[in-house]
Amino acid sequence: MRRAVLLIVLALFAGSASAQLPGLRKRQPMPQIPIIVGIDALRADFLARSGSDLVYFAGDSAVLSPQARQTLGAQAQWLLQHPEVVVRIEGHADLSDTRDHALAIGARRAEEVRSFLVLMGVPAAQLSTLSWGKERPGPPRTQTILVR
Amino acid sequence: MILKLAPLFLIGLTLSTAGFADEPSTVIGIPPLATPDQGGDAAAVAWQASQLIASDLRATSELFPVGPDQKDFYSYPEVTAPTFSRWKSRAKALLTGFVRSRTDGRLTVGCYVYDVEKGRELGRTGFVVPAGEWRRAAHKCSGLAYQSITGAPGMFDTRIAYVAETGSREKRIKRIALMDSDGFNHSYLTAGESIVLTPRISPKGDRVAFVSFAGTTPHVMVASIASGQPRALVQGDAMSFAPRFSPDGRQIAFAMMSGSNSDIYVADANGGPARRLTTAPGIDTSPSFSPDGSQIVFESDRSGTPQLYVMNADGSVQRRITFGGGYYESPVWSPTGELIAFTRRGGGRQIGVIKPGGSEEHVLTSGPSDEGPSWAPSGKALVFQRTDAAGRSGLYRVGTSGGEPQKVTTPQDASDPDWSGVLD
């Protein structure tokens with residue numbers, strides 16, 4: 001038993017020593033990898049199971065289409081299974097909007113998505129919103145982004 | 001060097017102004033400003049200032065400047081005792097003045113305006129300015145001439161704030177920029193570390209209110225132009241946007257989001273609680289005070305589409321003023337109070353004007369991607385943002401009587417212009 005412990009300790013030392021060798025540099029950041037892999041894996045899983053992190057809107061509208069509701073239903077399911085995850089819903093306007101109106105309509109779209117997710121049972125504490133107005137060009141949309 | 005080039009300038013000047021010869025404008029002699037200095041910068045500044053004054057006045061339709069011409073040089077004592085007989089055949093009015101270096105390195109600039117026929121002084125003004133700010137003093141002299149002769153305030157010492165844009169379309173870097181309305185004295189108020197939008201200059205020209213993306217949500221900031229130091233207008237996490245100063249500079253009207261609803265609020269420009277003025281469900285935004293401060297025009301989609309509404313400054317008596325086709329957004333009240341400019345959406349975006357009562361709507365530009373009008377202090381022209389087919393945006397000027405918009409030169413792409421009133 002003691003030997004086994006000693007061996008493990010030795011192996012650890014060996015591991016950290018070998019990490020200093022030029023050919024084995026890759027192993028150096030190992031202690032941080034689980035966290036990075038964690039959020040990346042969560043994001044990949046969220047995308048795969050929800051179908052999309054994006055929801056599209058008609059011009060000058062914040063009304064959720066049947067397809068948007070379907071995507072958000074799947075997002076809600078996933079969020080309910082991952083209560084430790086916090087997301088930010090980012091709302092966007094398109095370039096045809098004027099500056100002030102774009103900020104408001106982006107916020108309204110993000111809020112529409114947020115309330116739908118809450119309606120589906122997702123705790124409000126897991127959700128935050130942000131409007132980009134028309135500062136990130138593209139179609140009228142929201143994007144659900146895993147923050148942590 | 002500059003003096004030798006003068007005759008060439010004058011030839012160009014005569015040709016370019018020939019088209020206005022039949023308009024009834026007052027001819028004003030602008031001989032070169034004098035200086036008592038022996039050597040130094042004052043002589044060069046005096047010549048450049050004379051040219052700037054002539055250039056300012058040439059841009060008006062009421063005054064027609066003659067000069068500066070080096071043959072009209074006069075001595076320093078003659079500034080206050082001009083030889084009127086030399087001007088009687090050439091001009092109705094005369095502007096003389098001087099530039100003198102001070103021992104502290106600054107300059108004293110003085111200007112005098114005379115009625116040539118009566119041999120009478122109409123007005124005088126004087127300033128002590130840092131050597132680098134002689135242009136402001138010259139603009140003030142132009143203003144004196146304009147006011148003495150027409151009776152209306154001159155509009156030459158004004159500034160334009162806007163958002164300078166660089167970088168790719170996806171990762172735009174935006175900075176608040178300030179410049180004199182003739183394009184000089186260009187500077188940046190923010191460094192570009194976060195997105196900034198819609199700068200609005202205070203009536204005295206000492207502060208700028210704008211929207212910043214620094215932190216967790218877009219919010220209204222107010223910065224002193226002298227220090228550049230910004231602070232949040234209101235506390236809290238709600239998104240605030242679309243700020244505009246009241247005409248006395250004490251308050252700022254703005255929009256604040258709550259859920260999917262945005263309403264118009266006012267707050268003390270120095271901070272303090274916000275007072276809510278609208279309660280209708282929907283997007284209420286882009287408030288702008290009437291010049292007497294008694295009313296506010298704003299944009300609301302309470303009827304289903306964005307339209308313009310006018311209310312009293314306390315939020316009472318809200319009434320819709322636009323009923324044409326399309327959407328009406330980003331209204332701004334003219335400094336004379338007679339018109340409200342707006343962005344119209346429908347078959348592209350154009351700039352238009354309408355009377356506050358809702359009559360006499362005119363679309364002034366053809367678009368297709370114009371927005372964000374702001375009034376020249378005269379109330380006779382607008383500056384606005386136009387985006388071209390390649391997605392590049394710039395500033396343009398258009399008169400309220402229409403005509404082809406003229407590009408305003410900026411060092412980079414530009415958006416969200418705001419034209420100040422006349423600076424103190």
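Analysis parameters
- Residues numbered from 1 in each chain as written.
- Chains lettered and ligands numbered in written order.
- Predicted model: local features only at pLDDT ≥ 70, side-chain atom pairs only at ≥ 80, totals over all residues.
- Helix = DSSP H or I, 4+ residues; strand = E, 2+ residues; numbered from the N terminus.
- Buried ≥ 20, exposed ≤ 12 C-beta atoms within 10 Å, placed from the backbone.
- Contact = placed C-beta atoms within 7 Å.
- Rg over C-alpha atoms; globule rule 2.2 N^0.38 Å.
- Domains from an automatic or database assignment.
- Pairing = 2+ DSSP bridges.
- Axes fitted to C-alpha atoms, helices over the stretch in contact; angles between N-to-C directions.
- Nonpolar A, V, L, I, M, F, W, Y, C, P; charged D, E, K, R; others polar.
- Expected span 1.5 Å × (residues − 1).
- Core = buried A, V, L, I, M, F, W, Y, C linked by C-beta atoms within 7 Å.
- Arc of directions from axis to C-beta.
- Parallel < 35°, antiparallel > 145°, perpendicular 65-115°, else oblique.
- Left-handed = near helix turned anticlockwise from the far one by under 90°.
- pLDDT = per-residue confidence, 0-100.

Visitor: In this structure, what is going on with the overall build of chain A? I would like to understand it.
Guide: In terms of regular secondary structure, chain A is built from four helices and four strands. Overall, chain A shows an N-to-C arrangement of helices and strands of α-α-β-α-β-α-β-β. Classification of the 148 residues of chain A by burial places 33% in the buried group. Within chain A, contacts between residues separated by at least 24 positions form 76% of all contacts whose residues are at least 6 apart in sequence.

Visitor: What am I meant to see in the overall build of chain B here?
Guide: When helices and strands are counted, chain B shows three helices and 29 strands. Its C-alpha radius of gyration of 23 Å places chain B within 12% of the 22 Å reference for a compact globule of 424 residues. The burial tally for chain B puts 47% of its 424 residues in the buried class. For chain B, contacts bridging at least 24 residues in sequence account for 44% of all contacts bridging at least 6.

Visitor: Explain the domain arrangement of chain B to me, please; I cannot follow it from the model alone.
Guide: Accessible area lost upon the coming together of the parts serves often as the stated size of an interface. Once the domains are mapped, chain B shows domain 1 (2–150) and domain 2 (159–419). Taking only C-alpha atoms, the centre of domain 1 of chain B and the centre of domain 2 of chain B are 36 Å apart.

Visitor: When you look at the sheet that holds strand β9 (residues 196–201) of chain B in this model, what are you seeing that I'm missing?
Guide: Strand pairing in a sheet relies on backbone hydrogen bonds, with the paired strands running either antiparallel or parallel. Residue and element names in this part refer to chain B. Pairing is antiparallel across the open sheet formed by four strands, whose spatial order is β9-β10-β11-β12. The sheet is open, and its two borders are formed by β9 and β12 (230–232), each paired with just one other strand. Across the sheet, the axes of successive neighbouring strands diverge by a mean angle of 30°, strand direction being ignored. Across six bridges, the pairing between strand β10 (residues 207–212) and strand β11 (residues 219–224) is antiparallel. Within β11, the residue paired with Ala209 across the bridge is Val222.

Visitor: Explain the interface of chain B and chain A here, please?
Guide: Each side of the interface is counted separately: chain B has 26 residues, and chain A has 16 residues. Of all the elements in the fold, those that place two or more residues in the side of chain B that touches chain A are β9, β13 (240–245), β14 (251–258), β17 (284–289), β21 (327–333) and β25 (370–375) of chain B. A breakdown of the residues in the side of chain B that touches chain A according to their chemical character gives ten nonpolar, ten polar and six charged.

Visitor: I'm lost on the pairing of strand β22 (residues 340–345) of chain B in this one. Help?
Guide: The side chains of a regular strand alternate between both faces of the sheet. All names here are of chain B. Among the six residues in β22, six count as buried, and that is most of the element. A two-sided burial pattern is seen for β22, the buried positions comprising Ile340, Phe342 and Arg344 on one face and Ala341, Thr343 and Arg345 on the other. From the end of β21 to the start of β22, which pair antiparallel, there are six residues, and Gly337 there has a positive phi angle of about 85°. Where β22 lies against strand β23 (residues 349–354), six bridges are found, and the strand directions are antiparallel. When the sheet's bridge partners are listed, Ala341 is paired in β23 with Val353.

Visitor: Is there a simple way to explain the sheet that holds strand β19 (residues 307–312) of chain B in this structure?
Guide: Residues and elements named next belong to chain B. If you walk across this open sheet you meet the four strands as β17-β18-β19-β20, and the pairing is antiparallel. Strand pairing shows two members of the sheet lacking a second neighbour, β17 and β20 (319–320), which therefore form its edges. Strand direction decides the pairing type here: strand β18 (residues 295–300) and β19, joined by six bridges, are antiparallel. Along β19, the bridge assignment pairs Val297 with Val310.

Visitor: Would you mind going over helix α2 (residues 42–58) of chain B with me for this structure?
Guide: One turn of the α-helix equals 3.6 residues, which is why residues spaced by three or four share an orientation. Residue and element names in this part refer to chain B. Taking 1.5 Å as the rise per residue, α2 with 17 residues should run 24 Å; its terminal C-alpha atoms sit 24 Å apart, in good agreement. By the criterion of burial, α2 is predominantly enclosed, with twelve of the 17 residues buried. Taken together, the buried positions of α2 are Ala42, Val45, Ala46, Trp47, Ala49, Ser50, Gln51, Leu52, Ile53, Ala54, Asp56 and Leu57.

Visitor: Would you mind showing me how to read the nonpolar core here?
Guide: Across soluble globular proteins, nonpolar side chains have a tendency to be buried as a group. All names here are of chain B. In terms of nonpolar packing, the biggest core is built from 97 residues, with Phe254, Ile340 and Ala341 touching the most fellow members. If near-sequence neighbours (up to four positions away) are discounted, Ala341 is found in contact with Pro331, Val332, Ser334, Ile351, Val353, Pro373, Trp375 and Leu382. Counting residues in hydrophobic clusters, the runner-up holds 39 residues, among them Val45, Trp47, Leu94 and Val109.

Visitor: Sorry if this is basic, but what is going on with unusual backbone geometry here?
Guide: With the exception of glycine, most residues fall at negative phi, and the peptide bonds are largely trans. All names here are of chain B. Of the consecutive residues Gly67 and Pro68, the connecting peptide bond is found in the cis state with omega at 0°. Summarising the element assignment, Pro68 is placed in the loop between β2 (63–66) and β3 (93–101). Gly367 connects to Pro368 through a cis peptide bond whose omega is 10°. With a phi close to 50°, Val317 is a non-glycine residue in the positive phi region. Classification of Val317 as exposed rests on a count of 9 C-beta atoms within 10 Å.

Visitor: Looking at this structure, I do not really get helix α3 (residues 66–81) of chain A. What am I missing?
Guide: Residue and element names in this part refer to chain A. For α3, built from 16 residues, the straight-helix expectation of 22 Å at 1.5 Å per residue is met to within 8% by its first-to-last C-alpha distance of 23 Å. When we look at burial in α3, the residues that qualify are Ala68, Thr71, Leu72, Gln75, Trp78 and Leu79. The arc enclosing the buried residues of α3, seen along the axis, measures out at 115°, which places them on a common side. Away from the buried face of α3 by more than 90 degrees, exposed residues Pro66 and Gln81 are located.

Visitor: What exactly am I supposed to notice about the packing of α3 of chain A against helix α4 (residues 99–119) of chain A here?
Guide: Two measures define how a pair of helices packs: the angle their axes make with one another and the distance between the axes. Residues and elements named next belong to chain A. Running from N to C, α3 and α4 cross one another at 55°; their axes reach a closest spacing of 9 Å. Considered as vectors, α3 and α4 are oriented oblique to each other. Between α3 and α4 lies a crossing whose hand is right-handed. Of α4, the residues touching α3 (which contributes Arg69, Leu72, Gln75, Ala76 and Leu79) are Val113, Phe116 and Leu117.

Visitor: Where do I start with the confidence of the model for chain B in this structure?
Guide: As a note on interpretation, predicted positions should not be read in detail where pLDDT is low. Residues and elements named next belong to chain B. On average, residues of chain B score 90 in pLDDT, and 95% of them are at 70 or above. Across residues 1–23, confidence stays below pLDDT 50; counting only partners more than four residues off in sequence or on other chains, it has eleven contacts. If you check the scores for this complex, the pTM reads 0.83 and the ipTM reads 0.84.

Visitor: What is the right way to look at the pairing of β9 of chain B in this model?
Guide: All names here are of chain B. Burial runs high along β9: six of the six residues are buried. By the bridge criterion, four bridges tie β9 to β10 in an arrangement that is antiparallel. Its bridge partner being in β10, Val196 is matched across the sheet by Ser212. Linking β9 back to β10 in an antiparallel pair, the connection comprises five residues, with Gly205 at a positive phi of about 75°.

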